Structure formats: C-alpha cells, structure tokens
Amino acid sequence: MDNFRRRFVTSGAACAAISALSACTGPQSMFSNPKVPAPRMNDLFAKTKLMCFGRYAVELPAEAEQIMGFQDIDSGFDQFSRSDFAGADQLLELRWKKEQVESFRAAIRHTDILDGPITGSRYFWFFGDSYEKENRILRLDGALPIGSAIYLFEGLAAPSEGISSDDLFLSMTALMRGMRAWDGRSVPREPGVCIDGAFIHEPTHRFQEIMSSGFTFPSMPDVHFSVLSNKNASTEGDNAKGLLQRVDEARREQLFYPYSFLRRGKRTL
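Residues numbered from 1 in each chain as written. Predicted model: local features only at pLDDT ≥ 70, side-chain atom pairs only at ≥ 80, totals over all residues. Heavy atoms only, no water.

1. Details of the state of the cysteines
Part 1 of the reasoning: A complete count under the given rule lists one disulfide for this structure.
Part 2 of the reasoning: Between the sulfur atoms of Cys52 and its disulfide partner Cys194 the distance amounts to 1.9 Å. Of note, the bridge from Cys52 to Cys194 carries an S-S torsion of about 90° and is right-handed in sense. With Cys52 in strand E2 (residues 48-53) and Cys194 in strand E12 (residues 192-195), this pair connects stretches of sequence that are 142 residues apart. The same class applies to Cys52 and to Cys194, which are both buried. (Disulfide = S-S within 2.5 Å. Helix = DSSP H or I, 4+ residues; strand = E, 2+ residues; numbered from the N terminus. Buried < 20%, exposed > 50% of the residue type's maximum accessible area, 1.4 Å probe, protein only.)

2. Comments concerning the sheet that holds strand E13 (residues 198-201)
Part 1 of the reasoning: Strand order in the open sheet formed by three strands is E11-E13-E12, with antiparallel pairing between adjacent strands. Two strands close off the open sheet at either side, each with one partner strand: strand E11 (179-181) and E12. Shown here is a sheet whose adjacent strand axes are inclined to one another by a mean of 20°, direction ignored.
Part 2 of the reasoning: Bridging between E11 and E13 involves three bridges; their strand directions are antiparallel. Within the sheet, the bridge partner assigned to Ala181 lies in E13 and is Ala198.
Part 3 of the reasoning: Contacts from helix H6 (residues 165-178) reach E11 and E13 within the one sheet, and its direction differs from that of E11 by about 30°. (Pairing = 2+ DSSP bridges. Axes fitted to C-alpha atoms, helices over the stretch in contact; angles between N-to-C directions. Contact = heavy atoms within 4.5 Å.)

3. Some words on the packing of aromatic side chains
Part 1 of the reasoning: This structure, assessed with the given rule, holds nine aromatic pairs.
Part 2 of the reasoning: Centroid distance Trp96 to Phe124: 6.0 Å. Interplanar angle 85°. Geometry classified as edge-to-face. Here Trp96, found in helix H4 (residues 88-102), pairs with Phe124, found in strand E8 (residues 122-127); they are 28 residues apart in sequence, far enough to count as distant. The pair formed by Trp96 and Phe124 is uniform in burial state, with each residue classed as buried.
Part 3 of the reasoning: Through pairs of rings, three or more aromatic residues link up here, namely Phe77, Tyr151 and Phe153.
Part 4 of the reasoning: Sitting above the plane of the Trp96 ring, Arg109 keeps its charged end 5.2 Å from the centroid. (Phe/Tyr/Trp six-rings, centres within 6.5 Å; stacked < 30°, edge-to-face > 60°. Lys NZ or Arg CZ within 6 Å of the ring centre and 35° of its normal.)

4. Structural notes on the pairing of strand E3 (residues 56-61)
Part 1 of the reasoning: Judged by how many residues are buried, E3 sits mostly within the fold: five of six residues are covered.
Part 2 of the reasoning: In terms of strand pairing, E2 meets E3 through six bridges, oriented antiparallel. Its bridge partner being in E3, Leu50 is matched across the sheet by Glu59.
Part 3 of the reasoning: Adjacent in sequence and paired antiparallel, E2 and E3 are bridged by two residues, among which Gly54 carries a positive phi angle near 55°.

Shown next as structure tokens:
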C-alpha cells in the first residue's frame, strides 16, 4: 500500500461507528461529551487489526467482519464464482446473451472468443449497435479465473474520446497481469488495489478506481460502518461541493428522516 494513503486512524473509525450507533441509542451520556468515549467503544477497540479495500487500509476492531461492496477499476469488472461456470468461455457466452437482450438484439459480434493476454484469460470484441459499428466504438469483454472466482472485465474503446482499441486492450492486460488471489487476511505491502478475492498490483495510479466496503461487529450488531472511495473523481460541478454542503442539501430534501450527528465540522484528512 502507498504510504500517503496508508490508513484511517482508529479514532476516525471509532467516530464513524459511534455516529452509526447514535440512531439506535439516542442522545444519551456518551454523546453529551464526545471527548469521553463510552466504555463499550473502548472495549471494542482494545484489540485492532488492519483490513484492506481499494488502496486503503483501515484499522478496525479485531472482531470486525468485512463485506466488499461496489468495485470498479477503469471501465469496470464483476466477480463470479467458478463453481457456477464450466470456465471463462461459458461466462463470456452468457455475457454475450445478456448484451443481446439489453440491446434488443442490436449488439453486433466483432470477434469470436479469443485467448487472452495471460494464461487462462479469454476475451471478445463487439459493437453495442449499428451506430457504434459505424463509428468504430468497440466494446471489450474479458474473463480471467483467479482462485475460486472468475473476474469479468468490461471496456469501451471510443476514438472520439481518444481511447483506441489497442489502448483498451493494453489496460486490460496490465490489470490481468497484476492480479493474484488474496484471502483478505493481511494487507499487501506493495502498491495496488484490494478487491474481493484478489489483489491487483498496480503502481502507476493511472486508472480511476471506485471502491466501497462495509464492516460489521458481532458484539455490536447495531453498528454498521461503510466506506466509499473514488480515486480521480472530478472536482468540478456538483462534485465540487463539500460534504457539509451535501449533508445540508440532503437534510432539506428529507425533512423527516431520522438521523443525528455526533459531531460536524471541517476536518483535515
């Protein structure tokens, strides 16, 4: 993991957990003075461990359990259990049938399923419809078995946006070559991305990465802590709004939604 993205400190995770708890417990003594943590929270964080999602490591209670959420790198990919498919070819054929259904059979196959850039990987090219064919907008679906899963890669090559089919194929190749099985029990020390069941060695930081993860705590079933990161996100337009402004807008739109805050204010992360 990169040092400048190393981790959220324990106090930050604890604050998020307490905030989540507030809707269940109400404004009792633990919220009257936020500088004095409740004994229950002290016990929870007596022993901690590092857990990883995306490019981040989070220090959490030792009992914490992780549930990976949305995971997207570059154009995107999905994870499927290998036990559900005979192999990468079957997954890609099912993917093609889905494309035909979603496009009302307007999708046009450009290639058969071909051997991918590394052993075991497979891929094919297609057009979403006749317009895309006329404008040479190619779509790429590739599949790679890793551990107990098959990862499905998706990509779009659009010359008008400066993305050629060669560029897209090289990007997919780089991600596939960097992937290895990962059980989630330790935090990799090299630069890259933790996803469900795999780690992607990726030191260039050139892709957009949108990652989310949820955490639960068996001893505190009323607490759910979730995190979302969006690397290379735009900071223009609506994305230029800060968190406090977004919260105020949400409060105006949802006047009767039950929520409470432990603490609000500008913070430096």
